[in-house]
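Examination of the molecular architecture
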Amino acid sequence: MSAPRVATAVAHPNIALAKYWGKKDGDGNVPAVPSLSVTLGGLSTTTTVSVDGGLGHDHFSLGGHVTGEAERERVRELLDRVRARSGSSDFAAVTSTNDFPTASGLASSASGFAALALAALRAYGVPATEADAADLARASSASAGRSLFGGYVELVPGEPARPVAPADQLPLRVLVCVTSEAAKSTSSRVGMNATKAHSPYYPAWVQSAEKNFKALRTALLARDLEAVGALAEQSALAMHASALAAGVVYFSGATLEAYREVQHLRKQGFFAFATMDAGPHVKVLVHERDAEALAKRLDAVPGVLRIIVAAPGEGARIV
Ligand code: PMV
């Protein structure tokens, strides 16, 4: 029996400025609309894949705990895709840790599948470009494709994610207002399928998302921070409006309190715009020079447990 082949990768979550929500019909896990994100430094997922001919099945632990069957199945699916390309039928032991709350809308699936894709391709010895790794990650969690790259990244339906602008394109910081340490109750997959099936506003969301993406991409390339912030907040509100109409509610009381504070900060002349994903946290886009002061203001909002200050960061890598 040969020795285990081991690879470890680190990846960071990304926050979509222009969101995707909803998938194209069919099984390919292809997003219905283009999206544009910023990869965050500071928060990390570290994943090790050990391919071992002696194992009778795949093993997966997250944060030191064996996970439920649904998570195991998604890991297995990715490993099966890699095995099909490597010609090996050996199973693997996968261990993954996050240094931030898992599955609570902090994009742990994005960094998780990005790190897993990179580590699995390496451990199984499959020659792959970054675009191949991004497309493998995208098949498991569409937003994960974007975490392969640093800085600002776009994901256009039917294509692998690709970088658009470097991390220092804008003087931006993201203040993550953590409002819960619990796992979210409705996964993004379930939430977006329900929106597509039941929201009267889903077609309007798809139309507006295409326009928002183009405008945001143009503003980013022009280094127009104000426009990027305003368009990012519009994207989040339109996404949640379409979801709300289907009864898919990710906001908590604290989400709304934090959002009100962001509106208040704007009235006081600060650059501050909010974006929310499939969870109750509010991510506030601020100018880097105001990050410390505004983190204190947001930390004082009732229901906000703590603030994580994140800067645009690098893509996934083997360590
Ligand atoms: O990548 P998924 O399937 O977990 O969905 C992510 C959905 C949002 O985070 C709400 C939006 C986005 O584009 O990342």
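As a reminder, the structure under discussion sits directly above these lines.
Computed from a predicted model, the values in this text were never measured in an experiment. Per chain, residue numbering runs from 1 following the sequence as it is written. In keeping with the predicted nature of the model, local features appear solely for residues at pLDDT of at least 70, side-chain atom pairs appear and are counted solely at 80 or more, and the whole-chain, interface and lining totals rest on all residues. Excluded from the side-chain calculations are hydrogens and water; all other atoms, namely the structure's heavy atoms, are used.

**A few points about the packing of helix H1 (residues 69–86) against helix H3 (residues 130–140)**
Interaxial distance between H1 and H3 falls to 9 Å at its minimum, and their mutual angle equals 145°. Both H1 and H3 take part in a crossing whose hand is right-handed. Mapping the contact onto sequence places Arg 74, Leu 78, Arg 81, Val 82 and Arg 85 in H1 and Asp 132, Leu 136, Ala 139 and Ser 140 in H3. Considered class by class, the residues forming the contact of H1 with H3 number 4 nonpolar, 1 polar and 4 charged. Helix axes use the C-alpha atoms of the stretch in contact, all axes being lines fitted to C-alpha atoms, and the angles between their N-to-C directions lie in the range 0 to 180 degrees. Secondary structure follows DSSP: runs of H or I at least 4 residues long count as helices, runs of E at least 2 residues long count as strands, and numbering of each begins at the N terminus. Note on convention: near helix rotated counterclockwise from far helix by under a right angle means a left-handed crossing. Clockwise means right-handed. Whether two residues touch is decided by their heavy atoms; if any such pair falls within 4.5 Å, the residues are in contact. Under the scheme applied here, ten amino acids are nonpolar (Ala, Val, Leu, Ile, Met, Phe, Trp, Tyr, Cys and Pro), four are charged (Asp, Glu, Lys and Arg), and all others, including Gly, are polar.

**Quick look at unusual backbone geometry**
A negative phi angle characterises most non-glycine residues, just as the trans form characterises most peptide bonds. If you check the backbone angles, Asn 29 has positive phi at about 55° while not being a glycine. With respect to the helices and strands, Asn 29 occurs in the loop between strand S2 (14–18) and strand S3 (35–39). Its identity is not glycine, yet Arg 223 carries a phi of approximately 55°, on the positive side. Along the chain, Arg 223 falls in the loop between helix H5 (202–221) and helix H6 (225–244).

**Here's the deal with the sheet that holds strand S4 (residues 45–52)**
Reading across the sheet, the 6 strands line up as S6-S5-S7-S4-S1-S14 and stay open at both edges, with mixed pairing between neighbours. Each end of this open sheet is capped by a strand with a single partner; those strands are strand S6 (65–66) and strand S14 (317–318). Of the strand pairs in this sheet, strand S5 (residues 59–62) and S6 are connected by 2 bridges, and their pairing is antiparallel. If you follow Ser 61 over to S6, its bridge partner there is Val 66. Should DSSP find at least two bridges between two strands, the strands are taken to pair.

**Let's talk about the sheet that holds strand S9 (residues 162–165)**
Read from one edge of the open sheet, 4 strands run S2-S3-S8-S9, paired in antiparallel fashion. Across the chains shown, the open sheet's two edge strands, defined by having one partner strand only, are S2 and S9. Neighbouring strand axes in the sheet, compared pairwise and without regard to direction, differ in orientation by 40° on average. Across 4 bridges, S3 lies against strand S8 (residues 152–155) in antiparallel orientation. Across the sheet, residue Val 38 finds its bridge partner in S8, namely Tyr 152.

**Describing empty space enclosed by the protein**
Points on a 1 Å grid over protein atoms alone make up a cavity when a 1.4 Å probe fits among them but cannot get out, and a pocket when they form an open set with protein on both sides within 12 Å along at least five of seven lines; lining residues each have an atom within 4 Å of a point. Grid points are joined across faces, edges and corners, and a volume is the space filled by probe spheres set on the points. A complete count under the given rule lists 1 cavity of 30 Å³ or more for this structure. For the largest cavity, the calculated volume is near 40 Å³. Top contributing element to the lining of the largest cavity by residue count: H1, with 3 residues. Considering only residue class, the lining of the largest cavity consists of 2 nonpolar, 1 polar and 3 charged.

**Here we look at the nonpolar core**
Ranked by size, the top nonpolar core spans 50 residues in total, and within it Trp 21, Val 49, Leu 78, Val 82, Leu 148 and Trp 205 carry the most contacts. The greatest single-element share of this core, amounting to 10 residues, is contributed by helix H2 (residues 108–123). With near-sequence residues (within four places) excluded, Trp 205 lies in contact with Lys 19, Tyr 20, Trp 21, Val 33, Ser 235, Ala 238, Met 239 and Ser 242. Take the buried residues of types Ala, Val, Leu, Ile, Met, Phe, Trp, Tyr and Cys, join any two whose side-chain atoms come within 4.5 Å, and each joined set is a nonpolar core. Residue burial is assigned from relative accessible area. The probe radius is 1.4 Å, only protein chains are included, and a residue is buried under 20% of its type maximum, exposed over 50%, and partly exposed in between.

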